Structures are given as structure tokens and as C-alpha cells.
Amino acid sequence: MIELLIANNLVKRFRTSGGFFRTSTTDILKQVSLNIGHGETVGLVGESGSGKTTLARCITGMLTPEEGDVQFDGIDIHALNRQQKKHCRQAMAMVYQNPYLSLNPHFTLYELIAEPLETAGNMRERDRQERVANLMAQVGLADIPLTQRVTTLSGGQAQRIAIARALALKPKLIVLDEPTSALDVSVQAQILNLLVALKESQNLSYLLITHNLDVVRYICDRVIVMSEGVIVEQGETENVMTDPQHAYTQLLIQSTPHLPTPPPPKQDTDTASPG
Ligand SMILES: Nc1ncnc2c1ncn2[C@@H]1O[C@H](COP(=O)(O)OP(=O)(O)OP(=O)(O)O)[C@@H](O)[C@H]1O
Ligand SMILES: [Mg+2]
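No experiment lies behind these values; they were computed from the predicted model shown.

Draft legend 1. Layout of the overall build of the protein chain. Helix and strand content of the protein chain: 10 helices and 10 strands. Taking 19 Å as the expected radius of gyration for a compact globule of 275 residues, we find that the protein chain reaches 20 Å, a close match to that expectation. On the principal axes, the C-alpha backbone points of the protein chain span a range of 55 × 50 × 45 Å. Split into buried and exposed, the 275 residues of the protein chain put 44% on the buried side.

Draft legend 2. Representation of the site of ligand 1 within the structure. Around ligand 1 lies a shell formed by Phe14, Ile28, Glu47, Ser48, Gly49, Ser50, Gly51, Lys52, Thr53, Thr54 and His211. Take Thr54: an N or O atom from its side chain is 2.6 Å from an oxygen atom of ligand 1. The protein chains hide 58% of the 640 Å² of surface that ligand 1 would expose on its own. Ranked by the residues each element gives to the shell around ligand 1, the list is headed by helix H1 (residues 52-59), at 3 residues. Each residue belonging to the shell around ligand 1 can be placed in one class, and the counts come to 2 nonpolar, 7 polar and 2 charged.

Draft legend 3. Focus on the environment of Asp76. By the element assignment, Asp76 lies in strand S5 (residues 75-76). Assessed through its relative accessible area of 27%, Asp76 is described here as partly exposed. Note: C-alpha distance between Asp76 and Glu118 (42 residues apart in sequence) is 26 Å. Among the polar contacts listed, one links the side chain of Asp76 to the backbone nitrogen of His78, at a separation of 3.2 Å.

Draft legend 4. The sheet that holds strand S10 (residues 230-236), seen in detail. Here we have 6 strands laid out as an open sheet, ordered S6-S7-S8-S3-S9-S10, and mixed in their pairing. Looking at the sheet topology across the chains shown, the edges are occupied by strand S6 (92-95) and S10. When the angles between neighbouring strand axes are averaged without regard to direction, this sheet yields 15°. Bridge count for strand S3 (residues 41-46) against strand S8 (residues 205-209) is 4 bridges, and the pairing is parallel. From the neighbouring strand, Gly43 faces S8, where its bridge partner is Leu208.

Draft legend 5. Inspection of the nonpolar core at higher detail. The biggest cluster of nonpolar side chains holds 49 residues, and the ones touching the most others in it are Leu109, Ile161, Ile163, Leu167 and Ile174. Top element by residues in this core is helix H6 (residues 155-167). It accounts for 7 residues. Other than its neighbours up to four places away in sequence, Leu109 contacts Met136, Ile144, Pro145, Leu146, Gln148, Arg149, Val150, Leu153 and Ile161. One finds Leu10, Ile36, Ile59 and Met226 within the second-largest nonpolar core, a separate group that totals 30 residues.

Draft legend 6. Up close: the side chain of Glu40. Mapped onto the elements of the fold, Glu40 is located in the loop between strand S2 (23-37) and S3. Judged by relative accessible area, Glu40 falls into the buried class, the value being 6%. There is a polar contact of 2.8 Å between the side chain of Glu40 and the backbone nitrogen of Gly37. If near-sequence neighbours (up to four positions away) are discounted, Glu40 is found in contact with Met1, Asn35, Lys199, Leu204, Ser205, Tyr206, Asp221 and Arg222.

The rules behind each value
- Residues numbered from 1 in each chain as written.
- Chains lettered and ligands numbered in written order.
- Predicted model: local features only at pLDDT ≥ 70, side-chain atom pairs only at ≥ 80, totals over all residues.
- Heavy atoms only, no water.
- Helix = DSSP H or I, 4+ residues; strand = E, 2+ residues; numbered from the N terminus.
- Rg over C-alpha atoms; globule rule 2.2 N^0.38 Å.
- Buried < 20%, exposed > 50% of the residue type's maximum accessible area, 1.4 Å probe, protein only.
- Near = heavy atom within 4 Å.
- Polar contact = N/O pair within 3.5 Å; in protein donor to acceptor, adjacent residues only side chain to side chain.
- Areas by Shrake-Rupley, 256 points an atom, 1.4 Å probe, with all protein chains shown as cover.
- Nonpolar A, V, L, I, M, F, W, Y, C, P; charged D, E, K, R; others polar.
- Pairing = 2+ DSSP bridges.
- Axes fitted to C-alpha atoms, helices over the stretch in contact; angles between N-to-C directions.
- Core = buried A, V, L, I, M, F, W, Y, C linked by side-chain atoms within 4.5 Å.
- Contact = heavy atoms within 4.5 Å.

As C-alpha cells, this is what we get:
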């Protein structure tokens, strides 16, 4: 596996208030190291507050860790100047849990998807329009008018817009922070299938943060388990799920109400049952 991202010994420390005149610091990430290969989907699981989002922010350059380094495509992202960092960040994108919060409700769908293209510059208006239409088609929303706003869309459609926006600058890595947990179960599967298809067609790598181990089993090649700012276990998804080594992972798997394995897809020749 050729690595796309290598993070070494990341330490992220936050100042916490300890009352009058007292501040202390807490290490939220404690010497965290991880790799993401080209074309790989890596799951990141762990309890709330374990540091998953903080880790995602450090590896995408949105936060600067106190210690450690991040090599993205062979470049040390925290050693770059502002301009270089901006350029490097275009090769990474993030999709968040709630598209109604992460996307500006005042923007039209066109503006939402075109914005990263405009910020990056050097694209003619006509090419931009073509690219936006193309991105809408890629996420299965070719029929939705670009003049609409995200508030008029369903949760699944809105998340598709967030994905289109993330794809705009042809990233190599997309960090998905709980991308389906705010959606209805039936819609979750559609979004996951879209992500799988896009990964293949766009040569993407994913870091997928989730609380849902069924989601991990469904799309992740590898899984990383975090607890209290430390990676306690990582490995091939199937190995970790069937033979967890760490007590915390075992607890996580036991405490997950397991959904039955979905039946294989129906053939077209099946007679559709009413209702
Ligand atoms: N900017 C900040 N300043 C101080 N503390 C922070 C900051 N951001 C996060 N923290 C703390 O760091 C810890 C880890 O937060 P983080 O958001 O990374 O957890 P998480 O694993 O993503 O949780 P969740 O599953 O709930 O999203 C939490 O205790 C949080 O309160
Ligand atoms: Mg989080």
C-alpha cells in the first residue's frame, strides 16, 4: 500500500479553565500516529470526546498540533506557509454530520458548489458552470434546480450537495465526520453507496469517522479505534470486528446493537410486492 497520508506522534493540547486564575492544559491527542493509503477507506471509531474530530482537524491542517508531523502526499503540511497550505488543503476536503449546519443556508446550490472553485481561482465562468452541473450529476442531483437553497432539500439531498462541494477541487482525501448519522436509515445506505461509487470513479481515499460499526463493516478497509486520545487498536476491518484484541474494542462491539446483515440485492426479475 502506497501511503497518501502519514501522521506521526500527534499531540494536541487544549487549555482548559481550572477556575479562578488557574488554567491547565489537557492532551486531547496523545502521540497519535496513523497512515491512510491511496484509495483506502479508513474508519475511525471511539467514544464521544475521544478526539476523533480533533485528529481529523490536525491531519487536514485546520488545527496545528503541538507535537508531531503530518506528511500528505510526501509534503509536511504543518511546515508550509499560508499559501502553500491553502494549496495543499485543496487536495483534502471534509464532509460534516449535518449539512443544514455546515452549508450556508443563504447560498444557492450553485453558489455552494461554485465557491471552492472561485476561491481556488483560474477558472472561467463557463467552465465553472459546466463543472457545477457535472458535480450535481455525479451526486445524483442533476434534476434539482441550482437556484434552490439547501433548506428546501431533504437531508439526503443536502448531504449530496455537501459531497459535491467537497469534490469540487478534485481532492485526494475526504474526511467524513459522521456523514450519515443525521440521516434516516434508508437514506444512509444510499449515501454510503454513493460514497463507495465516487471513491472508485474519482480515485479517492476516505477517513470515515463514525459511531456506527455496521457502517465500518460496510465500507472500511481498515479501522482505527480511539479512546481518550490514544489509538488503542487498528487493523483490517474484518480482523478487528471478528477478533478484537483490546478490551475497549471488545466493549464497543458488544455494546453495539447489531443490525442483521442485509439480504443480497434483489434481481430485476423479482416480482415487486405492493407497499
Ligand atoms: N477548541 C477546543 N478547546 C478546548 N477543548 C476542546 C476543543 N475542541 C475539542 N475539545 C475537547 O477535546 C475532546 C475531544 O473532542 P473531539 O471533538 O475531538 O471528540 P470526538 O471524538 O470527535 O467526539 P464526538 O464523537 O462527540 O464528535 C473533548 O473533550 C472536547 O471537549
Ligand atoms: Mg466529533
